[in-house]
Amino acid sequence: TDLCLRRATVSHVTARRSQLDQLEAADAVMSMVSIDDSSLRLAQLQRASLSGCSFQRADLEGSNWTHAAVSGCNGSSGQFFHARLGHALFVDCDFRGADFQGFTDTPGAGMQFVRCDLRRTCWYGRNLAGVTFTDCRMHGVFGCVSGFEAAVFEGIDLSPDGDLGY
């Protein structure tokens, strides 16, 4: 696609099942955008701000989220293979069943997940050094990772239902 949304403000848009590979949306502000079941391979979302968006089952392979701020979004079952997530902030997001596989050189340092649902997510090959997980639901998280000893885990819920076992 040749779609360029750099520095654009986008609100209340539906683009489900769309082909949006190489979308250029650096520095964009997006709210209530639904791109479920879409392909956004190699999308550029650096410094973008996303709120209330949905990208369930979306293919975001190789996308760049460096310094993005994402809140209240649903990326469940999304494919984030080798996505560049360094210094991105994810708050109150649902990523259940998402695939965050990467390589040890996939940038992720500085990435923060706050109150996110990460149950049954895959992290094979990711380097978690410098990554922070705060008050997240993480039951069933799997994958052989590096940098585990340099990651921060605070207030993690490992109960199957994400209810602290109550």
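To be clear, the structure that these remarks concern was listed above.
These lines cover the structure that appears in this document, whether it is placed above or below. Keep in mind that this is a model prediction, so the values were computed, not measured.

Another point: the overall build of the protein chain. A tally of helices and strands in the protein chain yields zero helices and eight strands. Starting at the N terminus and walking to the C terminus, you meet the elements of the protein chain as β-β-β-β-β-β-β-β. At 15 Å, the protein chain has a C-alpha radius of gyration in line with the 15 Å of a compact globule built from 166 residues. In terms of its C-alpha atoms, the protein chain occupies a principal-axis envelope of roughly 45 × 35 × 20 Å. Here the protein chain, with 166 residues, has 47% of them falling under the buried criterion. Taken together, the 14 basic and 19 acidic charged side chains of the protein chain have centroids lying 4 Å from each other.

Time to look at the sheet that holds strand 1 (residues 9–14). Read from one edge of the open sheet, eight strands run 1-2-3-4-5-6-7-8, paired in parallel fashion. The strands lining the two open edges of the sheet, one partner per strand, are strand 1 and strand 8 (152–154). On average, adjacent strands in this sheet sit at an angle of 10° to one another, irrespective of strand direction. Sheet analysis places strand 1 next to strand 2 (residues 29–34), joined by five bridges and oriented parallel. Counterpart to Ser11 in the pairing with strand 2 is Ser31.

Under the defined criterion, the tally for this structure stands at 20 aromatic pairs. Arranged with centres 5.8 Å apart and planes meeting at 85°, the rings of Phe113 and Trp123 form a pair that is edge-to-face. Remark: Trp123 occurs in the loop between strand 6 (112–114) and strand 7 (132–134) and Phe113 occurs in strand 6; sequence separation between them is 10 residues. Here the aromatic rings of Phe133 and Phe153 are separated by 5.0 Å at their centres, their planes lie at 5°, and the arrangement is stacked. Of this pair, Phe133 sits in strand 7 while Phe153 sits in strand 8, and the two are 20 residues apart along the sequence. Under the relative-accessibility criterion, Phe133 is labelled buried at 1%. Overall, Phe153 belongs to the partly exposed group, its relative accessible area being 31%. Chaining the aromatic ring pairs together yields one cluster made of Phe55, Trp65, Phe80, Phe90, Phe95, Phe100, Phe113, Trp123, Phe133, Phe148 and Phe153.

Soluble globular proteins tend to pack their nonpolar side chains together in the buried interior. Among the nonpolar cores identified, the biggest contains 43 residues, and Met30, Phe55, Trp65, Phe90, Phe95, Phe113 and Leu118 are the most heavily contacted of them. Excluding residues that lie within four positions of it along the chain, Phe113 makes contacts with Phe90, Phe95, Phe100, Leu118, Trp123, Thr132, Phe133, Thr134 and Cys136.

Positionally, Gly86 belongs in the loop between strand 4 (69–71) and strand 5 (89–91). A relative accessible area of 5% means that Gly86 is categorised as buried. For Gly86 and Val131, which are 45 residues apart along the polypeptide, the C-alpha to C-alpha distance reads 8.5 Å. Non-local contacts of Gly86, meaning those with residues more than four positions away in its chain, are made with Trp65, Thr66, His67, Pro107, Gly108 and Ala109.

Calculation notes
- Note that residues are indexed from 1 along each chain, following the sequence as it is written.
- Local features are withheld for residues below a pLDDT of 70 in this predicted model, meaning they are given only at 70 or higher, and side-chain atom pairs are given and counted only at 80 or more; totals for whole chains, interfaces and linings count all residues.
- Side-chain descriptors were evaluated using all non-hydrogen atoms of the structure, hydrogens and water having been removed beforehand.
- Helix and strand assignments come from DSSP, with helices taken as H or I runs of at least 4 residues and strands as E runs of at least 2, each series counted from the N terminus.
- Using C-alpha atoms as the atom set, the radius of gyration is obtained and then compared with a globule rule of 2.2 Å times the number of residues to the power 0.38.
- Exposure is judged per residue with a 1.4 Å probe applied to protein chains only, and the accessible area is read against the type maximum: over 50% gives exposed, under 20% gives buried, and values in between give partly exposed.
- Just so you know, the count uses Lys and Arg for positive and Asp and Glu for negative, and it drops His and the chain ends.
- The atoms used to mark charge sites are NZ of Lys, CZ of Arg, CG of Asp and CD of Glu.
- Whether two strands pair depends on DSSP finding at least two bridges between them.
- Interaxial angle, 0 to 180 degrees, is taken between N-to-C directions of lines fitted to C-alpha atoms, where a helix line uses only the stretch in contact.
- The aromatic pairing rule takes the rings of Phe, Tyr and Trp, using the six-membered ring of Trp, and pairs them if the centres are within 6.5 Å, calling planes under 30 degrees apart stacked, those over 60 edge-to-face and the rest tilted.
- We call a set of buried Ala, Val, Leu, Ile, Met, Phe, Trp, Tyr and Cys residues a nonpolar core when their side-chain atoms join them within 4.5 Å.
- Throughout, a residue-residue contact means that at least one pair of heavy atoms, one from each residue, lies within 4.5 Å.

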